[in-house]
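Secondary and tertiary structure notes
Here's the letter readout for the chains.
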Amino acid sequence: MALLDIRGLQTWFDTRAGTVKAVNGVNLSIQPGETLALVGESGSGKSVTAYSVLRLIEAAGGRIAGGEVLFKGTDLLKLDAAGIRAVRGNRIAMIFQEPLSALNPVQSIGTQIVEALRLHRDIGLRAARERAVELLELVRMPSPRERAEEFPHRLSGGMRQRAMIAIALACEPELLIADEPTTALDVTTQAQILALLRELQQRLGMAMLLITHDLGVVAEIADRVAVMYAGRVVEEGAVGALFDRPAHPYTRGLLDAVRIEALPPGSRLPEIPGIVPSLLDLPPGCAFAPRCGRASAICQAELPALRAIGVGRRHACCHPHLEPVPA
Amino acid sequence: MSASAQPGLLWRLSVNRSAAGGAVLLALILALAIIGPLLWPGDPWEMAAPPMLWPGEDMANPLGTDVMGRDLAAGLVSGARVSLMIGLVSTLIAAGIGTLFGALGGFYGGSVDAVLMRVTELFQTVPSFVLAVVLVAVFRPSVATAVLAIGIVSWPATARLVRAQFLLLREREFVLAGETIGMGTPRLILTQILPNALPPVIAMSTLTIAHAIQTEAALSFLGLGDPNVMSWGTIIGGGREQLAEAWYVCGLPGIAVVVTVLAFNLLGEGLNDALNPHLQRR
Amino acid sequence: MKRRGLRPFVLRRLWQVVPVLFGIAALNFLILQLAPGDVVDVLAGEAGAATPEYMAQLRAAFGLDRPLPVQFLHYLGNLATLDLGFSFRLNMPVLGLIMTRLPATLLLMTSALAIAVVAGSLLGVLAATRVGSWADTALSWFVLLTYAVPTFWLGLMAIVLFSAGLGWLPSGGMYTVGAGHGALAMIGDVALHLILPAVTLSTFYMAVYARLVRSSMLELYGADFIRTARAKGAGEWRITLVHAFRNALLPMVTMLAYQSASLLSGAVLVETVFSWPGLGRLAYEAIRTRDLNLLLGILFFSSVVVVLVNLLVDLLYVLIDPRVDPAGRRA
Ligand SMILES: Nc1ncnc2c1ncn2[C@@H]1O[C@H](COP(=O)(O)OP(=O)(O)O)[C@@H](O)[C@H]1O
Ligand SMILES: [Mg+2]
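Definitions and cut-offs
- Residues numbered from 1 in each chain as written.
- Chains lettered and ligands numbered in written order.
- Predicted model: local features only at pLDDT ≥ 70, side-chain atom pairs only at ≥ 80, totals over all residues.
- Heavy atoms only, no water.
- Contact = heavy atoms within 4.5 Å.
- Buried area = accessible area lost by both parts, 1.4 Å probe.
- Salt bridge = Lys/Arg side-chain N within 4 Å of Asp/Glu carboxyl O.
- Polar contact = N/O pair within 3.5 Å; in protein donor to acceptor, adjacent residues only side chain to side chain.
- Helix = DSSP H or I, 4+ residues; strand = E, 2+ residues; numbered from the N terminus.
- Nonpolar A, V, L, I, M, F, W, Y, C, P; charged D, E, K, R; others polar.
- UniProt positions renumbered as here; feature names shortened; annotations may be inferred.
- Pairing = 2+ DSSP bridges.
- Axes fitted to C-alpha atoms, helices over the stretch in contact; angles between N-to-C directions.

One widely used convention gives an interface's size as the accessible area the parts lose upon coming together. Listed as interface residues are 42 residues of chain B and, on the opposing side, 45 residues of chain C. Summing the contributions of chain B and of chain C, the shared interface buries around 3800 Å²; its carbon and sulfur component is 76%. Linking chain B with chain C are one salt bridge, by the criterion used here. For Arg 211 of chain C, the salt bridge identified is with Glu 269 of chain B, shortest N-O distance 3.4 Å. Scanning the region where chain B abuts chain C turns up seven residue pairs in polar contact (both at pLDDT 80 or more).

Set out below in structure tokens:
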């Protein structure tokens, strides 16, 4: 059984201008221990998908309009408030893009780790403090005992993100959701944080949903990759297979230009010409059709479902590319 | 900018509920201050009836009489005139001083600005009401000293606002353009910067009037009002001794202060919203 | 964590106080100079409270024949040695009078501030957690009205209702004459007398803080670290109090510094209404007797109190916001 199985997730924002269908029927699954990378242009709904899993989206002004989020078979969307709190930070943890603003400015990082521990574990203050130092050691924080007393603004960007990771790992979650964890960091620090994440993931055997803009990161640490466009997953598969043979014209547009072996870290998604459709008023058919060279009448008329093409490979396109990317 | 904003401004004000509410209240108070003396002719100091008549007890004195038998309705009308006048004139003084200090500091910057800002801070440190009390007491209570004292303690906020505006506008293209075509400094300040800096000053001044009216009432309450002028604070101060027996003597003029201050506050907030649509209100 | 450089910070801030005190002194001197009559008329109180011989002696001592700058230096010297002159009406040195009245004013101010901070925070948090509810709407009306109500009039009406009408609380003074022996009874007696003036003085600030806390809380609810707290599994109360409210304290302390002067002004009026034997009541007595020297002394001294309170507030800010580097500016 999949660790996390998202089925037909719809997350909408009711705004003055109308309903923004930020996530509109996302299907995704993550196996225990695997790393799934979620890529896509900015605004394609990656963060909203991630927040929806932990139901953090109501506080951001959105609502989950439909679908299921099965975590080991339990639908997280059906849990009561206490039920979802028991999952947050405990069995599923999350780290964010901007570590400085994600940390409480008036609490030392030690206190913030202790809070994460004591919310879910029956552990004394003193023991929690010790454990916090161990966790900082685990994330390779230099002089962890002293750093535990420091406030976020006195740490470097990399150290802040390490502290965030320590908070997330406090209760040894089965799934870590990382929303662009390295975007705000400089290149060297990015590499260190990614190496740390990969190492911890393997050591602790947790699964990871890694949201990123960075194809280099995908190639380096993901097992599988899912590509999002306008609130839907348009293609997914094992990293090698998907990079070699992108089936969806959107994915192909992203990957045509790049070669997996030659990807330096920090390689951003290439720009694709055309305008992303408004999420307020999506066309009835394929959302990519207006930008797609292969679009036909059927693409405008009906929404292509995600269909399997081989083991673990799926795409949502009526006119997929079947040939590999020319060398 | 300011000229073309006028029609839009009126429209924005009329749809702004708090501004509309404030304006209506204010119109009522003004009307009372203007036509009141026609309805209740005679000297508010005159002892017209038996003392401590309750409101409604005798329709000749609809709002009753005070401890000395003076008609309260006449007193309230007189108070409205005094309050509005003192509030308005002292605010003009405050706006004048504040604009001058803020404009000079913001325009010239450097040491001029530093000195002016120190003075501004000084006036914000000294408890303003205590300073007003001292000024009025030292220079003898009268309408003129009240107006001056309130004006002198009320300008710092305006100075800070104008300074901030000048710092912003100083770097704008039309000011630089004026400078390049050789406009003199006074002309530059008066024709280019000041008109654009003024709208928020007007909004703030509306709030300053509200505060000035409260200050005037407090001064008269302490016995620092003009002995020849009956203001709301004077009536409240006079009614204190018989507070338990005839609380309406203090109560009614107090309500008049509340309503008037409320009207100006509402109008000021509404103006703030209408004049600075980009600034979010706290 | 032990904060670095706290002592130099305090010393530096103390040093910055000097020019402010100088400015206050200059302002006082200016008023003296502009006052009708000469300085000694003002200092000795008008209407002949002091003997003509003494006035002549004072004129000589003040060197009124000497140039203004010398007179100013003389005046500064007096203030620096805390010589605020003599009140001929009350037959006591001004400083002594002020010192006997200061504790009552400080008690009133701190009580009012405490009430305002606690009740204002409660109201603000309540409104922020229920935006648009009837409680939120009620609060906005309360704020609107409170901004318009003169404090002294509110005090009078409180007396009408709670003392004259219901008879629950004393209408003025600080003690019941001849009642209550023993420390506990005395404290209870003073506390009873304190309730009305303190609540009256606090009302305006309560409204200010409620409004401020509400808007800061709403802003903070959108902050990333609140999202982190939620993602950790913290409950709404924990998020509200431990994370949002703790951060909403910061703007409140900043506001405190802006308001210390106005709080003192308010205390003058409230003390007058409730015959609370503090600086304000003293000022009222000075007005009644035209004891201008005493009035100027109160002005000088209350400004000094404001300066000191602001110093404390700065220190408090450094203590509660770890981002402030006491050695420099905000990080
Ligand atoms: N609070 C919000 N209100 C309205 N629209 C929102 C809100 N948050 C996100 N959105 C919309 O949802 C879409 C997806 O956003 P997001 O998931 O953050 O994109 P990304 O893939 O870059 O992480 C965006 O187009 C954005 O406009
Ligand atoms: Mg995102």
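Let us keep going from here.
Between chain C and chain A, the residue contacts involve 22 residues of the former and 28 residues of the latter. On inspection of chain C and its partner chain A, the count reaches two salt bridges. Measuring nitrogen to oxygen at the nearest pair gives 2.6 Å for the salt bridge that ties Arg 238 of chain C to Glu 115 of chain A. At the junction of chain C and chain A, the tally comes to 13 residue pairs in polar contact (both at pLDDT 80 or more). When residues of the side of chain C that touches chain A are traced back to their parent elements, those giving at least two are helix 9 (224–232) and helix 10 (236–274) of chain C. Examining the composition of the side of chain C that touches chain A, we find that seven residues originate from one element, helix 9 of chain C, more than from any other. Tallied by class, the residues present in the side of chain C that touches chain A amount to nine nonpolar, five polar and eight charged.

This part covers the UniProt feature "transmembrane region" (unreviewed entry) in chain C. Mapped onto the present numbering, the UniProt feature "transmembrane region" (unreviewed entry) falls on residues 14–35, 104–129, 141–169, 190–210, 256–274 and 294–320 of chain C. The distance separating the terminal C-alpha atoms of residues 141–169 of chain C is 27 Å; by composition the span is 79% helix and 0% strand.

Okay, the sheet that holds strand 4 (residues 62–71) of chain A next. All names here are of chain A. Spatially, 2-1-4-5 is the arrangement adopted by the four strands of the open sheet, whose pairing is antiparallel. Bordering the open sheet on either side are strand 2 (18–30) and strand 5 (74–75), each of which pairs with just one other strand. Direction of pairing for strand 1 (residues 4–15) relative to strand 2: antiparallel, over a ladder of ten bridges. Counterpart to Trp 12 in the pairing with strand 2 is Lys 21. Of the strands in this sheet, strand 1, strand 2 and strand 4 touch helix 1 (residues 46–53), which is tilted by about 110° from strand 1.

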